[in-house]
Amino acid sequence: MAGEEKETMDASAKLDRRKFLGLAATGAGVMFMKPELAFGTAANSAVRVGLLGCGGRGTEDASNLIDTGGARVVALADLFQDQLDAAHAHFDKIQQEKGYAALDPSQLFLGPDAYQRIAASKEVDAIVIATPPYFHPHHLEAVVAAGKHVYVEKPVAVDVPGALKVVEIGKRAQGKLSLDVGFQIRDCPPFVELVNRIHGGALGTIVCGEAHYLTGYLDRPPRPDASPAERRLRNWVYDRALSGDIILEQNIHVIDICNWVLQAHPVKASASGGRKGRPEGDGDVYGNYHVLFHYPDDVDVTFTSTQFAKGWWDVTERFFGTKGTSQSPYVGPLGIWGDEPWQWAGAGSNPAEPQAFSGTGKFTSNLELADPKKKQAFVESITSGNFHNQADKGAESAISCMMAREAAYKRREISWDDVMKSKEVYDPKIDLNKLK
């Protein structure tokens, strides 16, 4: 009898919890009760998160959701056993320190169909998608169809048809689910304040801009005993079809900020680039890009990137206007200089020495609050019912990068209209059921 009562109580608690997390505001001015008051404890009220893709960035995203969003990771999914095991140990450790229970073994999903099983789990409210970008539209579609809130890492797709598919998926989620894209800098306080001031006229008329994403090589284990297909999947950052190339997979953060500042996407681009400087045999992505973006109102922005350089890294955007100049680096002085000066005085603004570049996005710098604020906003959008939908912006910035990538590949100017007509589908031609 006691067991039956417990099952009934558990079922009732789950039902009430689902109602709380699934219902949006029923009218203007509705007051929301704090989740912990509704469910009794923080553990019971926490948004339950599943992580699809247990590599470095996914683990960082989900850890941030625990630490700053007050969420709880309850399910994991990955193609590889070792990554699943490492994430399992990591999340058990950090969550048990908070008094949460260990992950239920039934919520550990392995293999090519793991994305379907985690999407179908009744124990999950929201899913972080941090798989190789080629899979993002397919995985996003499954998660949204299952009625789960979703945080999908950038880029949303590797080709134009994939990006347009994400836009369509976003329409299905509109008003029903939160769909966030991993542009955490758009929630970072110094960048938010800077862009608000620019939009308020602090630079006057913007004339031109320049930006760069200069980093070193992303080293990955060689894995000589793995099959060629497994090596490609493990080291997907080297693979054009899986990652979309460095301008899309990594440099997109800077190009997204340019779109944000200028409140538009570029209308055309000319570009060059190549693999010079990269090790032989590490895939087919470029090691450098040099782009001239043409934005509306005759605003040109030059962009340069590297992913091989030694001894230096820097990520910055600068805009030059009739009243002043702005600068927004990851590390170093961030602000506006000119008629309406303003400088950010927080952590990372004047470091004693450069810190190491972080491939997982973890910085103690001007970006220190980027991930925490982004994850906090995502969780709050779910618990408040004020759902986010960032599918359009995610696709817009991805297509901006694709336009520059194709201009570099083809060595000719590509317009927005040209790239939007593209039917080219990137296909890694990998059978996930035959990796050995």
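These lines cover the structure that appears in this document, whether it is placed above or below. In this text the structure is predicted, and so the values were computed from the model without any measurement.

Definitions and limits used
Residues numbered from 1 in each chain as written. Predicted model: local features only at pLDDT ≥ 70, side-chain atom pairs only at ≥ 80, totals over all residues. Heavy atoms only, no water. Core = buried A, V, L, I, M, F, W, Y, C linked by side-chain atoms within 4.5 Å. Buried < 20%, exposed > 50% of the residue type's maximum accessible area, 1.4 Å probe, protein only. Pairing = 2+ DSSP bridges. Helix = DSSP H or I, 4+ residues; strand = E, 2+ residues; numbered from the N terminus. Contact = heavy atoms within 4.5 Å. Axes fitted to C-alpha atoms, helices over the stretch in contact; angles between N-to-C directions. Salt bridge = Lys/Arg side-chain N within 4 Å of Asp/Glu carboxyl O.

## A short note on the nonpolar core
Membership of the largest hydrophobic core comes to 89 residues, with the highest contact counts inside it found for L179, V291, F293 and F303. L51, L76, A87 and L103 belong to the second-largest nonpolar core, a separate cluster that totals 21 residues.

## Some words on the sheet that holds strand β7 (residues 206–215)
Read across the open sheet, the 9 strands follow the order β14-β13-β12-β11-β7-β10-β9-β8-β15; overall the sheet is mixed. Each end of this open sheet is capped by a strand with a single partner; those strands are β14 (342–343) and β15 (414–415). Where β7 and strand β11 (residues 314–321) come together, 8 bridges link them in antiparallel fashion. Within the sheet, the bridge partner assigned to L214 lies in β11 and is D314. Packed onto the sheet, helix α13 (residues 252–262) meets β7, β9 (288–295), β10 (299–307) and β11 and runs at close to 20° relative to β11. Along the sheet, helix α15 (residues 391–410) contacts β8 (268–274), β9 and β15; its crossing angle with β8, the most-contacted strand, is approximately 55°.

## What about the pattern of salt bridges?
Here the structure, examined in full by the defined rule, presents 29 salt bridges. As a salt-bridge pair, R197 and E193 come within 2.7 Å of each other at their nearest N and O atoms. Here R197 and its partner E193 are both found in helix α9 (residues 189–199), 4 residues apart, which amounts to about one turn of the helix. Given the relative accessible area of 29%, E193 is considered partly exposed. Overlapping salt bridges bring together R57, D61, E153, D371 and K375 as one network.

## Describing the pairing of β9
When you tally the buried positions in β9, you get 6 out of 8 residues, the bulk of the element. Two elements, β8 and β9, share 7 bridges in a ladder whose sense is antiparallel. Across the sheet, A269 pairs through a bridge with F293, a residue of β9. Examined bridge by bridge, β9 and β10 share 8 bridges and lie antiparallel to one another. Residue H294 lies in a different strand from β10, and its bridge partner there is D300.

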